[in-house]
Amino acid sequence: MSIKYIFLVSRQGKLRLAKWFTTLSVKEKQKTVKEVSQIVLARRPKQCNFIEHRDTKVVYRKYASLYFIAGIDLDDNELLTLEIIHRYVEVLDRSFGNVCELDLIFHFQRAYFVLDEMIGAGEVLETSKATVLRCLAQMDETEQAENADRGWGDINLEGVAKTAMLTVQEFKQSFSR
């Protein structure tokens, strides 16, 4: 199986995540995303989740407000691709605790990490959810240890907000004098 690209698009057609496994110019990538997104978003819910676009078979699945779209070779198995998409969503769900569009916007690096653990160079690397989640847990531990070494620890958002408000008030006072 050879995956050419995977991207996530919102119901409004906004690109939320894109991973390319073939070399294309930026213009070609943008054109492909636009064309495929328009085709997928225009389809009715009861229509088949497979379409052909140029030299690619497009496989997509809608979860909540996001469309998970994969482009594969014409002779590849579309049902296997649907299963890979579903497995990716399951891992994201376990990782975020019921994943939503905002999780992917604010924690995009985590979504890319999961995708990179599952797919590399357009080929499926790992199908085990447990293995991918274990790698994700190891990444979290490493990140926490590095943050602790730097002295960052846990961020106190309430304290940050108060400091920011004080700074804004001081700034306003300096101009009112």
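Scoring rules and cut-offs
Residues numbered from 1 in each chain as written. Predicted model: local features only at pLDDT ≥ 70, side-chain atom pairs only at ≥ 80, totals over all residues. Heavy atoms only, no water. Axes fitted to C-alpha atoms, helices over the stretch in contact; angles between N-to-C directions. Helix = DSSP H or I, 4+ residues; strand = E, 2+ residues; numbered from the N terminus. Parallel < 35°, antiparallel > 145°, perpendicular 65-115°, else oblique. Left-handed = near helix turned anticlockwise from the far one by under 90°. Contact = heavy atoms within 4.5 Å. Pairing = 2+ DSSP bridges. Buried < 20%, exposed > 50% of the residue type's maximum accessible area, 1.4 Å probe, protein only. Arc of directions from axis to C-beta.

**Q** Any chance you could explain the packing of helix H2 (residues 78-96) against helix H5 (residues 129-150) here in plain terms?
**A** Two elements in contact, H2 and H5, have axes separated by 10 Å at closest approach and are oriented at 45°. Relative to H5, H2 is oriented oblique. Two packed elements cross with a definite hand, and for H2 against H5 that hand is right-handed. From H2, Arg87, Glu90, Val91, Arg94 and Ser95 reach across to H5, where they touch Lys129, Val132, Leu133 and Leu136.

**Q** Before we go on, may I ask you to explain the pairing of strand E2 (residues 15-20) in this structure?
**A** Two faces make up the sheet, and in a regular strand the side chains alternate between them. Of the strand pairs in this sheet, strand E1 (residues 3-10) and E2 are connected by 5 bridges, and their pairing is antiparallel. Pairing of Phe7 across the sheet is with Ala18, part of E2. Connecting E1 to the next strand, E2, in antiparallel fashion are 4 residues, including Gly13 with a positive phi near 90°.

**Q** Explanation requested: unusual backbone geometry in the structure shown.
**A** A negative phi angle characterises most non-glycine residues, just as the trans form characterises most peptide bonds. For Ala64, which is not a glycine, the phi torsion comes out positive at approximately 55°. You can see Ala64 is positioned in the loop between strand E4 (56-63) and strand E5 (66-72).

**Q** Teacher, can you tell me more about helix H4 (residues 108-118) here?
**A** Residues three or four positions apart in an α-helix share a direction because the helix packs 3.6 residues into each turn. Of the residues making up H4, those classed as buried are Arg110, Ala111, Val114, Leu115 and Met118. Buried residues in H4, looked at end-on, bunch into an arc of 140°, giving them a common side.

**Q** What exactly am I supposed to notice about the pairing of strand E3 (residues 50-53) here?
**A** Residues Ile51 and His53 of E3 are buried on one face, while the alternating residues Phe50 and Glu52, pointing to the opposite face, are not. As defined by bridge partners, E3 adjoins E4 across 4 bridges and the pair is classed as antiparallel. Across the sheet, residue Phe50 finds its bridge partner in E4, namely Val59. Where E3 folds back on E4, the antiparallel hairpin that results is connected by 2 residues, among which Arg54 adopts a positive phi of roughly 55°.

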